[in-house]
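Fold and contact review
One-letter residues, chain by chain:
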Amino acid sequence: DSGVTQTPKHLITATGQRVTLRCSPRSGDLSVYWYQQSLDQGLQFLIQYYNGEERAKGNILERFSAQQFPDLHSELNLSSLELGDSALYFCASSGQGGGLFFGEGSRLTVL
Amino acid sequence: AQSVTQPDIHITVSEGASLELRCNYSYGATPYLFWYVQSPGQGLQLLLKYFSGDTLVQGIKGFEAEFKRSQSSFNLRKPSVHWSDAAEYFCAVASRGGYNKLIFGAGTRLAVHP
């Protein structure tokens, strides 16, 4: 158990819809990272937040957005969903010492 | 551009045999280096990391990795594989300026025969 909690574990929705994925980092970790894992793209960094502020951006689509709240949990919002957005979305947090600790992921299926 | 190459998509070994998973990186300077393992339906677990110092790094579950600057490699090894090691293994790099923004390789899927 990494200490990073993600909900929901599985999500099935239709094209054009919007979903929200939630992440709670490890206790004491201020940074939250979002990654997407798909068969064709592999693991890709989407975005990082540190203590509520956006810190770094990766290959995140404009249809996607994220935020980190004062209690440090984070939400990833995916809108106008397309079939190609079907993937496993991971949240990770980091503390001292380097390296990321990943949650078990949210598997999104867009039909 | 920074990149990570894991040349072997799929490897099969017998239980008790030794294992080496290859990882090569392309980077402007020596990056931070990581190996992660992903079991089916699970998240990624950090096996080990290299930041500096001794180029042979020990990790969890009996794994070790060796950083070779001249070869831009960071290969993962285990002397004796157990059936529970069957999983997908990812090598990752990060810049020293943003050491948690990881770039992952495509992964190597390990199968273990009894």
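These numbers come from a predicted model, not from an experiment. (Residues numbered from 1 in each chain as written. Chains lettered and ligands numbered in written order. Predicted model: local features only at pLDDT ≥ 70, side-chain atom pairs only at ≥ 80, totals over all residues. Heavy atoms only, no water.)

A few points about the overall build of chain B
A count of helices and strands for chain B gives zero helices and 12 strands. When the helices and strands of chain B are listed from N to C terminus, the series reads β-β-β-β-β-β-β-β-β-β-β-β. Against the globule reference of 13 Å for 114 residues, chain B gives a C-alpha radius of gyration of 13 Å, in line with a compact fold. The principal-axis extent of the C-alpha atoms belonging to chain B is close to 45 × 30 × 20 Å. Sorting the 114 residues of chain B into buried and exposed places 45% on the buried side. Intrachain contacts of chain B at a sequence separation of at least 6 include 54% that bridge at least 24 residues. Of the accessible surface of chain B, which amounts to about 5,400 Å², a share of 49% is contributed by carbon and sulfur atoms. Distance between charge centres in chain B, computed from 10 positive and 8 negative side chains, equals 8 Å. (Helix = DSSP H or I, 4+ residues; strand = E, 2+ residues; numbered from the N terminus. Rg over C-alpha atoms; globule rule 2.2 N^0.38 Å. Buried < 20%, exposed > 50% of the residue type's maximum accessible area, 1.4 Å probe, protein only. Contact = heavy atoms within 4.5 Å. Areas by Shrake-Rupley, 256 points an atom, 1.4 Å probe, with all protein chains shown as cover. Lys, Arg positive; Asp, Glu negative; His and termini not counted. Charge placed at Lys NZ, Arg CZ, Asp CG, Glu CD.)

Describing the interface of chain A and chain B
Listed as interface residues are 18 residues of chain A and, on the opposing side, 15 residues of chain B. Linking chain A with chain B are zero salt bridges. If you look at where chain A meets chain B, you find three residue pairs in polar contact (both at pLDDT 80 or more). Here the residues of the side of chain A that touches chain B are counted per class, giving nine nonpolar, seven polar and two charged. (Salt bridge = Lys/Arg side-chain N within 4 Å of Asp/Glu carboxyl O. Polar contact = N/O pair within 3.5 Å; in protein donor to acceptor, adjacent residues only side chain to side chain. Nonpolar A, V, L, I, M, F, W, Y, C, P; charged D, E, K, R; others polar.)

Some remarks on the state of the cysteines
Counted under the stated rule, the structure contains two disulfides over all chains. The disulfide that involves A:Cys23 links it to A:Cys91, with 1.8 Å between the sulfurs. An S-S torsion of about -55° defines the bridge between A:Cys23 and A:Cys91 as left-handed. Placement of A:Cys23 in strand β3 (residues 19–24) and of A:Cys91 in strand β9 (residues 87–94) is noted, with a sequence separation of 68 residues between them. Of the two residues examined, A:Cys23 and A:Cys91, each falls in the buried class. Between the sulfur atoms of B:Cys23 and its disulfide partner B:Cys91 the distance amounts to 2.0 Å. Given an S-S torsion of about -65°, the disulfide between B:Cys23 and B:Cys91 has left-handed geometry. One end of the pair, B:Cys23, is in the loop between β3 (19–21) and β4 (24–26); the other, B:Cys91, is in strand β10 (residues 87–94), and 68 residues separate them in sequence. For B:Cys23, a relative accessible area of 0% corresponds to the buried category. What makes B:Cys91 buried here is its relative accessible area of 0%. (Disulfide = S-S within 2.5 Å.)

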